[in-house]
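A closer look at the structure
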Amino acid sequence: MSMAPLTSVLKPLVALGLTGALLVGCSSTENYEEPDPVPEVVSTVSLKSQWSLTVGDGHDGQYLQLEPAIIGGSLYAVSADGELLAVGPATGDVRWRNELDETIMAGVGGDSRHLYLVTGNAELLALDRDSGDEVWRLRMPNEVLAAPQSNGNLVLTQTIDGKVVAADAGSGERLWQYDAPAPALSIRATGAPVVGRELALVTLANGRMVALSTANGQPVWQYTVGEPAGRTELERLVDVTAQPVVVEGAALVAGYQGKLALVDIRNGEEIWSRATSTFHSPALAPNKIFIVRDNGDVVGLDASSLEEVWVQDALSWRRLSAPATIGDQLVVGDFEGYLHILSQDNGQLQGQLEFDDEGIRAPMLRWENRLIVYGNGGRLAVFTLEDRE
């Protein structure tokens, strides 16, 4: 399993009330609080577009997270109506375009040979990475909303009801399936697995993170991110809808009505934790951890002490995206398509940009010193950060 360096996060070792979250299950509903208005900001920094283009109909009005991916020097993005693009991330040149006769339900996964997509018919597609041509397809046991992930030998796909299916990356042969207990009520979102050579990390709607053997799908350990409490199904909701972040032999994981925790990948033992409630993966800087709470508050934590350094509450209930770092700033998107730039030091709003009026839901990507943003309406762009005169 590849490890991203972040020594400061490991220092403790030595480191919405459902706003905008669609629920699935026996009591499905959609709850909204009144969002704060767009804050007025005197911009001191700005995001400068290097290029932009449109990918099909984007999310096509569906509640999806079609996260693009950088694989082997190309940027790949797909729309819900089946337009798949391979783009040069530096210039935005379209290297190839494939109009798939499929509805696509999740973002792009890939490895050295293939791209992986899931369809509205619950099929996993493997496509040639150099052309977009179909190589194989495999039926899944249920709907899939998270991008498939591959280590080059196998590809893992997780369904909305907690089934994890492993397929041979070359042939598409089904290798094994792991079935997790599914709660009666869950959030309509799933964290993508993290797939290493020997272990795969999977986050589940029952509040657990499980390490599975890639050889046979057997659980090696599990960690409790959130423990159900309360009388109603809504009160007992502890879904973990975010992909774990791997840092130097440990996994940083966070969940709804649960906690933010750093867990040893070897044995699942907790290194540290603190209570939180979020739908998103945290963002990391050399000395800080950034969380978007379920109510839209953005929080900066000291990576050594885990104490709150700052809280920015001017974006409450704006259904924020996962946070992303660029330079010494933090960026979040919202349901009206605004990008908000915050200072990593104190959380103050430093800039603002209206990007896609259908909103921003997919996690943003960092590439070199640039930020890749894909809006719900299909706009794909690469930004650099600039100080304003």
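Rules behind the numbers
Residues numbered from 1 in each chain as written. Predicted model: local features only at pLDDT ≥ 70, side-chain atom pairs only at ≥ 80, totals over all residues. Heavy atoms only, no water. UniProt positions renumbered as here; feature names shortened; annotations may be inferred. Patch = residues over 30% accessible without salt bridge, like charges linked within 9 Å, V, L, I, M, F, W, Y side chains within 5 Å. Areas by Shrake-Rupley, 256 points an atom, 1.4 Å probe, with all protein chains shown as cover. Salt bridge = Lys/Arg side-chain N within 4 Å of Asp/Glu carboxyl O. Lys, Arg positive; Asp, Glu negative; His and termini not counted. Charge placed at Lys NZ, Arg CZ, Asp CG, Glu CD. Helix = DSSP H or I, 4+ residues; strand = E, 2+ residues; numbered from the N terminus. Phe/Tyr/Trp six-rings, centres within 6.5 Å; stacked < 30°, edge-to-face > 60°. Buried < 20%, exposed > 50% of the residue type's maximum accessible area, 1.4 Å probe, protein only. Lys NZ or Arg CZ within 6 Å of the ring centre and 35° of its normal. Pairing = 2+ DSSP bridges. Axes fitted to C-alpha atoms, helices over the stretch in contact; angles between N-to-C directions. Polar contact = N/O pair within 3.5 Å; in protein donor to acceptor, adjacent residues only side chain to side chain. Core = buried A, V, L, I, M, F, W, Y, C linked by side-chain atoms within 4.5 Å. Contact = heavy atoms within 4.5 Å.

As named in an unreviewed UniProt entry, the protein chain is Outer membrane protein assembly factor BamB, taken from Marinobacter lacisalsi. Looking at the Function (unreviewed entry) heading of the UniProt record, one finds this comment for the protein chain: "Part of the outer membrane protein assembly complex, which is involved in assembly and insertion of beta-barrel proteins into the outer membrane." Taken from UniProt, the Subcellular location (unreviewed entry) comment for the protein chain reads in full: "Cell outer membrane".

1. Side note on a negative patch on the surface
A cluster of acidic side chains, namely Asp57, Asp60, Asp81, Glu99, Glu354, Asp357 and Glu358, defines a negative patch on the protein surface. Note that aspartate 81 resides in the loop between strand S4 (74–78) and strand S5 (83–87).

2. Quick look at the packing of aromatic side chains
As enumerated under the stated definition, the model contains five aromatic pairs in all. Each ring, one from tyrosine 116 and one from tryptophan 136, has its centre 6.1 Å from the other, and the planes form 45°; the classification is tilted. Linking tyrosine 116 in strand S8 (residues 114–118) with tryptophan 136 in strand S10 (residues 134–139), this pair joins segments that are 20 residues apart in sequence. Accessibility assignment for this pair places tyrosine 116 and tryptophan 136 in one class, buried. The residue whose ring lies beneath arginine 319 is phenylalanine 335, and the NZ or CZ to ring-centre distance is 4.1 Å. Seen from the ring of tyrosine 63, arginine 361 lies directly overhead, with NZ or CZ sitting 4.5 Å from the centre.

3. What about the sheet that holds strand S17 (residues 199–203)?
Spatial strand order, S16-S17-S18-S19: four strands in an open sheet with antiparallel pairing. Each edge of the open sheet carries a strand with a single partner, namely strand S16 (194–195) and strand S19 (219–224). Where strand S18 (residues 208–213) meets S19, five bridges bridge the pair, whose relative direction is antiparallel. Residue pairing for S19: alanine 211 is matched across the bridge by tryptophan 221.

4. What about the sheet that holds strand S21 (residues 250–254)?
Strand order in the open sheet formed by four strands is S20-S21-S22-S23, with antiparallel pairing between adjacent strands. A single partner strand is all that each edge strand has here, and the edge strands are strand S20 (245–247) and strand S23 (270–276). In this sheet, neighbouring strand axes are inclined to one another by 15° on average, regardless of whether the strands run parallel or antiparallel. Taken together, the three bridges between S20 and S21 define a ladder with antiparallel strand orientation. Counted as the bridge partner of valine 246 is alanine 251 from S21.

5. Quick look at the side chain of aspartate 111
Mapped onto the secondary structure, aspartate 111 falls in the loop between strand S7 (109–110) and S8. For the buried aspartate 111, which has no salt bridge, the nearest side chain bearing the opposite charge is arginine 113, at an N-O separation of 4.9 Å. A polar contact is formed between the side chain of aspartate 111 and the backbone nitrogen of histidine 114, at a distance of 2.8 Å.

6. Here we look at the pattern of salt bridges
According to the stated counting rule, one finds 18 salt bridges in the structure shown. Two residues, aspartate 93 and arginine 95, come together in a salt bridge whose shortest N-O distance is 3.8 Å. Aspartate 93 sits in the partly exposed class, given a relative accessible area of 35%. When salt bridges that share partners are traced, they join Glu102, Glu123, Glu134 and Arg137 into one network.

7. So, the nonpolar core
In terms of nonpolar packing, the biggest core is built from 32 residues, with Leu124, Trp136 and Leu380 touching the most fellow members. With near-sequence residues (within four places) excluded, tryptophan 136 lies in contact with His114, Tyr116, Leu124, Leu125, Ala126, Val155, Ala167, Asp168, Ala169, Gly170, Ser171 and Gly172. Counting residues in each nonpolar core, the second largest holds 15 residues, with Val253, Ala261, Val263 and Ile265 among its members.

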